[in-house]
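An overview of the molecular structure
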Amino acid sequence: MFELLGVPPQALFGQVLLGLINGSFYAILSLGLAVIFGLLNIINFTHGAQYMMGAFVAWMALNYLGLNYWAALIVAPIVVGAVGIAIERLLLRRIAHLDHLYGLLLTFGLALIIQGLFRNQYGSSGLPYAIPPQLSGGQNLGFMFLPNYRAWVIVASLVVCLGTWFLIEKTKLGSYLRAATENPTLTQAFGINVPLLVTLTYGFGVALAAFAGVLAAPIYSVNPNMGGDLIIVVFAVVVIGGMGSIMGAIVTGFALGLVEGLTKVFYPEGAATVIFVIMVLVLLVKPAGLFGRQA
Amino acid sequence: MATIEAVKAPAVATAAAPLLKVRGLEAWYGESHVLHGIDLDVAPGEVVTLLGRNGAGKTTTLKSIMGVIGKRRGSVVMEGTETIGLPSRAIARLGLGFVPEERGIYASLSVEENLMLPPKVREGGLPLERIFKLFPNVKERLRSQGTKLSGGEQQMLAIARILRTGAHLLLLDEPTEGLAPVIIEQIGRTIAELKQEGFTIILVEQNFRFAQTVADRHYVVEQGKVIDMIPNAELDANIDKLHRYLGV
């Protein structure tokens, strides 16, 4: 069998696939963070907990209500997004006029509370969530085996990311969002309901996290800590892409997943830290991030 | 320094019922009390200017009418509707269009997106063809990023985008500031055309020579109050007084 740079192709493509899977989650989660940061100027540390809530709502919907995976893909983002809207209305709005740091501290505290509540109720060992029968099995591509569910995760996250990008960059609603991000006072003076946009944007960003959580449920076990573990990496992705940059979040998310996967092949010891090394380098060379605008 | 007489400004200058009636308008930036009781009336179809020195409160008066200032008090009635407790988005929906001093062109939006951004607040906005006739430069630059336009083009875009919304009271804050004489002339012609179309305009201006070419009446603002009102026909006769007010 041929080898690429001394690595068997199955190992290489296997890690590329794993990288793309991780990249899919990085992309959706960093996209949600970027959308929220862009309009609300809030570094939403609750994002990881909201991703975890998405997975849990899918698990609860299945086990308590008998709703399958496909229903959960719709229901969980709506439920968790509604919780997000309540958080924005009741808490975040009150500190909107204060420094970013207050938003970060508030959302960090909320994340700890939410994770604690779920850990108390469901423990830390994780709950199983089966792959939907329509997506079980896989395809033998000759050079590697491609599990159907993993291919679906990549495709679904690409569609959601590009759909979100299109919504924000190419539609009238998106132009309202961009205008409100840039100059909320003037945008409001044109008759546009900016507070409602802020609420819906936060709800949408949170719903994206929940959608990623449902996608993740069959791959990783449904665990109260699943968001906390991931969110630190996702923040690094957002910083590398550029805070608030939509395309930056998507491209950087997928690209860094791939880089991480390839690092696992060629230098496994560096796989856990490569994203943070890149973050440091980007901050030194281009502090606004690869796709961010210089302040 | 010239002493300012505390003249009670005649509130109503025309027989028509005012489109906008402002009484005892006070405003604050944080703790700083900036407006101390502005009184003015604007009749339908009038062009009225606010003249005054730097820091007199002209821009703050426009912002307060539009509701884009932290705290305000008094009365601002637009066509019979009291707006003092309304958010700016609701005030805009009564038919007010605002062009801020810094023009407020969005860098993240194209010229076309900037133009189409403000929602229609009522019927009667100018159709796009008419707007492009008034501002041909805007039409040529539709695909450009908003802030890539020259200062004059940005000013035209800022005016153009409120004309299609159906707003019939336009608040223009120093539309000629920093522009070349040829562009100032063009903006003067545009304001005259808009007046002919029936728009009502409140114009903040430092340049009273320009204001004289377009306005019906001039309110003089000093230290957060209206201290005089001069009909445009009487401006020449009052030129010494105006020079004293403006410190020219």
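This section reports on the structure supplied with the text.

This paragraph deals with the overall build of chain B. When helices and strands are counted, chain B shows nine helices and ten strands. In terms of overall size, chain B behaves like a compact globule, its C-alpha atoms giving a radius of gyration of 17 Å where 248 residues would be expected to give roughly 18 Å. Structurally, chain B occupies a C-alpha span of about 50 × 40 × 40 Å along its principal axes. Relative to its full complement of 248 residues, chain B shows a buried share of 47%. Put simply, of all contacts in chain B between residues at least 6 apart along the chain, 71% involve residues at least 24 apart.

Of regular secondary structure, chain A possesses eleven helices and two strands. In chain A, the succession of helices and strands from N to C terminus is α-α-α-α-β-β-α-α-α-α-α-α-α. Here the C-alpha radius of gyration of chain A, 19 Å, is about what a compact globule of 295 residues would show, namely 19 Å. Along the first, second and third principal axes, the C-alpha atoms of chain A reach 65 × 50 × 35 Å. A sequence separation of at least 24 residues applies to 76% of the contacts in chain A between residues at least 6 apart.

This paragraph deals with the interface of chain B and chain A. Taken together, the contact pairs 19 residues of chain B with 13 residues of chain A. With three residues, the single largest contributor to the side of chain B that touches chain A is helix α2 (residues 88–92) of chain B.

What follows deals with the environment of L196 of chain A. Along the chain, the position of L196 of chain A falls in helix α8 (residues 194–216). For the pair L196 of chain A and R89 of chain A, spaced 107 residues apart in sequence, the C-alpha to C-alpha distance is 9.8 Å.

So, on to the sheet that holds strand β7 (residues 169–173) of chain B. Residues and elements named next belong to chain B. With mixed pairing, the six strands of this open sheet are ordered in space as β6-β7-β8-β3-β9-β10. The open sheet terminates on both sides in strands that have one partner only, identified here as β6 (96–99) and β10 (225–231). Along the sheet, successive strands turn relative to each other by an average axial angle of 20°, direction set aside. Sheet strands in contact with helix α1 (residues 58–66) are β3 (47–51), β6, β7, β8 (200–204) and β9 (217–222), and its direction is about 145° off that of β7. Running over the sheet, helix α6 (residues 151–163) touches β6 and β7 and is turned about 170° from β6.

Turning to its location among the elements, A207 of chain A is positioned in helix α8. Sequence-distant contacts of A207 of chain A, that is, excluding residues within four places in its chain, are made with P77, I78, V80 and G81 of chain A.

Here we come to the sheet that holds strand β2 (residues 32–42) of chain B. All names here are of chain B. Spatial ordering of the open sheet is given by β2-β1-β4-β5, a layout of four strands whose pairing is antiparallel. Two strands in the sheet have a free side with no partner beyond their single neighbour: β2 and β5 (81–82). Where strand β1 (residues 20–29) lies against β2, eight bridges are found, and the strand directions are antiparallel. Note that in β2 the partner of Y29 across the bridge is S32. Set on the sheet, α1 makes contact with β1, β2 and β4 (71–78); between it and β2 the angle comes to about 75°.

Definitions and cut-offs
Residues numbered from 1 in each chain as written. Chains lettered and ligands numbered in written order. Predicted model: local features only at pLDDT ≥ 70, side-chain atom pairs only at ≥ 80, totals over all residues. Helix = DSSP H or I, 4+ residues; strand = E, 2+ residues; numbered from the N terminus. Rg over C-alpha atoms; globule rule 2.2 N^0.38 Å. Buried ≥ 20, exposed ≤ 12 C-beta atoms within 10 Å, placed from the backbone. Contact = placed C-beta atoms within 7 Å. Pairing = 2+ DSSP bridges. Axes fitted to C-alpha atoms, helices over the stretch in contact; angles between N-to-C directions.

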